[in-house]
Amino acid sequence: MGEEQRREPRDPLRVLDRHALRLWAVRSRAALAERREEIDALNVFPVPDGDTGTNMFLTLDSAVERSVAAEPEEELTTFARAAVLGARGNSGVIVSQLVRGLLDVVERPAHHGGADAGVVAQAFRRASDLAYDCVGDPTEGTILTVARSAAEAAEARARQAQATLSAVVDAAVTAARAALDRTPTQLAALRTAGVVDAGASGLVTVLDALKRVVDGGESGPGDPGAAAMEADRLSALAREAHDDGPDVGEDYSGPQHEVMLVLHLASPDGVVALRSSLAALGDSVVVAVDGDLARVHVHADDPDAVLRVADDAGAVSAVTVTDLHAQAAALRESRGTAGAVADPDGPLVVACTDGRGLRELFVAEGALVVPSSPGARASVGAIVDEVQAHPGRPVVLLPNDPDVLLTVTSAADELAAARREVHVVPSRSDVAGLACLAVLDRGAPAAEAAEAMRAVVDEVRSGAVARATRDAATAAGPCRAGDLLGIVEGDIVLVGDAMDEVAVDLVDHLLQQGGELVTLVTAGLSDADVAVVRKHLATRWPDVEVGVHAGGQAAYLLLVGVE
C-alpha cells in the first residue's frame with residue numbers, strides 16, 4: 001500500500017474565508033462519495049431503496065460542479081443556489097437548507113476578511129433553523145437533531161473565553177457525534193434495526209470535513225494559503241477527469257463500471273505505470289496530475305481491481321463507482337416517455353415515478369413524468385425545468401414517494417417565487433398518484449382539482465412486496481436476506497418465502513378495512529403468481545374490481561393499491 005507523503009503541520013485557521021469554504025465543500029463531497037454506500041446501508045428497513053448517502057453526495061456534487069465556473073464574488077451564492085436546485089430526496093433537501101442557512105450568515109464576512117468563531121456559531125444556528133423549517137413535522141433522532149445539537153454546542157463555546165474557530169468547530173463536531181450515537185434511543189425504528197440515522201451520519205461526515213479544513217492550515221488576507229491552493233487543485237483535477245470522460249448514451253456497451261477517485265501519489269514516477277495498469281483493466285483512462293495529487297477516471301468491469309492498482313500507487317480517497325450499464329438501461333427506459341405531451345386541458349400535472357411501465361401509465365393519464373428511483377431520485381431542478389418548459393398553466397405536482405415529498409415541496413417554492421400557481425398533492429406511492437389522476441377534473445379551477453386529489457390520497461391504502469437485502473429484525477419478526485417482505489404504508493407487516501402467499505396475504509391485509517378497487521403494479525411477479533392473486537381475489541373478494549399493470553419499478557416486486 002502506498003503511503004501518503006508527510007506534510008508539515010499547520011496552525012488552525014482563525015477564520016473561514018471563501019477559499020476555506022470551497023475546500024470544505026470539495027472535501028465534504030469527497031468524504032460523502034467515499035462513504036455513500038455505507039450511509040445508504042443504514043436503511044431502517046432491509047429493502048433496496050436506501051439512498052440517503054447517495055442523495056447527500058449528489059446534492060453537494062451538483063453544487064460543487066455548478067459553482068466551479070462562477071466568478072469569485074458569486075461563487076458562494078452560486079453554490080447555495082445550486083445546492084437547492086440539485087437537492088435529491090429528503091436528505092438532500094435538508095442538506096441544501098443547511099448550506100443555504102450557513103451561507104446566509106458567513107457569505108458576506110467570507111469575502112471581507114473571513115468569518116470568525118462567533119459568526120460561524122451564528123451560521124450553525126441559522127442552518128439548523130432553516131432545516132427544521134423545511135420539514136413540516138420534524139422528527140427527533142434524525143439529521144435535524146444532530147444539526148441542532150451542533151448549533152447549540154457551537155453557540156455555547158463561542159460565548160466562552162478563548163473561543164477560537166477551531167474550538168467552536170470542535171465543540172460542534174463533538175456534540176454532533178454524541179447526538180448521532182443517541183439517535184437509536186430516540187427512534188424505535190432505528191433501535192429495532194440496530195443502526196444510527198443515515199442522514200445524521202452524513203451530516204457528521206460533512207462536519208468532520210470542516211474540522212479537517214479548520215485544523216489543517218492558515219489562511220489570511222492577501223495570502224489564500226493552503227486552503228485556496230488545495231481547493232483550486234481538487235476542483236481543476238475534478239474538471240479535467242470529468243471533462244475527459246465520454247458521455248454514456250443509451251447504446252453504451254463498454255465496461256460496466258465508471259470508477260473515479262483521488263490519489264495522493266507515493267511517487268510521481270509511478271504515473272506511467274499506473275496509466276498502463278489501468279488501461280489493461282478497461283478504457284477511458286484519465287490520470288490528471290498536479291504535483292503529488294492525481295484524479296483518476298476509468299471504465300472497467302472490475303472496480304476492486306482498479307482500487308488495488310490505485311492503492312499500490314498511493315493513498316486512495318473520494319472513490320465513486322457508477323454502474324454504466326444501469327445508466328444506459330435507464331436512458332433506454334426514459335426514451336419510452338420522452339417527448340410525451342401533457343394533456344392540454346386543466347392544470348399541468350407533473351409526476352415523479354420509476355419504471356417504464358409506470359411512466360407510460362402516467363403519460364396515458366395526461367401527466368408529464370420526471371424519472372425518479374432509489375439512487376436516482378428526481379432533483380428540485382429537474383422538476384422546475386420540466387414545469388418551466390410548459391409556461392402559463394397552473395401546476396399540480398405528484399411526488400409518489402415519501403422520500404421525494406420535500407424535493408417536490410422545494411420545487412413548488414421555487415416555482416411560486418417565479419409566480420407560477422402550483423399545488424402539491426402529497427401522494428406517497430405510485431398507486432396513490434394514479435388514483436389521484438383518475439379523479440382529476442380538468443374543467444375545475446386548479447386549487448379545487450388539487451384539493452379533490454388530496455382527498456383521494458387519504459382514501460388510498462398502499463402496500464408493496466420487496467426482497468430483503470439483509471438479515472434484520474422487523475415488526476413482523478426476523479427476516480433473512482432474500483426473504484419476501486410485505487409492506488403497508490412503510491411498515492413491514494409480513495415476512496415469507498413464497499411470492500404468491502405473501503402477495504395474497506398482503507392484499508387481504510389491505511382489504512380488511514374495505515375497498516372496491518385493487519390495483520396491482522408488477523415488476524417481478526410471474527404470470528402464475530399474478531394468476532394466484534387474481535383467483536384469490538375473485539374467490540374471497542368477489543365484489544372487488546382488479547386492475548393489473550406491468551410497472552417495471554426497481555425496488556419493489558409488487559405495488560398494491562386499494563381504494
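Figured I'd write up the structure that's included with this text. (Residues numbered from 1 in each chain as written. Predicted model: local features only at pLDDT ≥ 70, side-chain atom pairs only at ≥ 80, totals over all residues. Heavy atoms only, no water.)

**A closer look at the overall build of the protein chain**
For the record, the criterion: Only DSSP runs of H or I reaching four residues or more are called helices, and only runs of E reaching two or more are called strands; each is numbered from the N terminus. Working definition: with a 1.4 Å probe on protein chains only, accessible area under 20% of the residue-type maximum means buried, over 50% means exposed, and in between means partly exposed. Contacts between residues were defined by any pair of non-hydrogen atoms, one from each residue, lying within 4.5 Å.
Along the protein chain, the regular secondary structure elements total 20 helices and 16 strands. Of all 563 residues assigned to the protein chain, the portion counted as buried reaches 54%. Sequence separation of 24 or more characterises 73% of the internal contacts of the protein chain that already satisfy a separation of 6 or more.

**Brief notes about the environment of A33**
Considering the arrangement of structural elements, one finds A33 in helix α1 (residues 18-40). Accessibility expressed as a relative area gives 6% for A33, which makes it buried.

**Structural notes on the sheet that holds strand β8 (residues 422-424)**
For clarity, the cut-off: One bridge is not enough; two strands pair if DSSP finds at least two bridges between them. Interaxial angle, 0 to 180 degrees, is taken between N-to-C directions of lines fitted to C-alpha atoms, where a helix line uses only the stretch in contact.
The strand order across the open sheet built from four strands is β6-β5-β7-β8, with neighbouring strands paired in parallel fashion. The open sheet has two edge strands, β6 (368-371) and β8, and neither has a second partner. Here the strands of the sheet are splayed against their neighbours by 20° on average, with no regard to which way each runs. In the sheet, strand β5 (residues 348-353) pairs with β6 via four bridges, with the strands oriented parallel. When the sheet's bridge partners are listed, C352 is paired in β6 with V370. Against the sheet, helix α16 (residues 405-417) engages β5, β7 (395-398) and β8, with an angle of about 165° to β8.

**Quick look at the nonpolar core**
Quick note on the threshold: Side-chain atoms within 4.5 Å are what join buried Ala, Val, Leu, Ile, Met, Phe, Trp, Tyr and Cys residues into a set we call a nonpolar core.
L16, L21, I94, L103 and L397 are the most contacted members of the largest nonpolar core, which has 90 residues in total. The element contributing the most residues to this core is helix α9 (residues 198-216), with ten residues. When residues no more than four places from it in sequence are discounted, the contact partners of L103 are L21, L76, F79 and A80. In this structure, L361, V396, V457 and L559 belong to the second largest nonpolar core, which totals 36 residues.

**Quick word on the environment of R125**
Note the following rule: Pairing of N or O atoms within 3.5 Å defines a polar contact, subject to two protein rules: one partner must be a possible hydrogen donor and the other a possible acceptor, and residues neighboring in sequence count only if both atoms are side-chain atoms.
Along the chain, the position of R125 falls in helix α5 (residues 117-133). Here the side chain of R125 touches E155 through a polar contact of 3.0 Å, side chain to side chain.

**Description of the pairing of strand β3 (residues 293-300)**
Of all eight residues in β3, eight are buried; the element is thus mostly enclosed. Residues of β3 alternate between two faces, with L293, R295, H297 and H299 on one and A294, V296, V298 and A300 on the opposite face, all of them buried. Pairing analysis gives eight bridges linking strand β1 (residues 257-265) to β3, with the strands arranged antiparallel. Each residue of the ladder has a partner; that of H264, found in β3, is L293.

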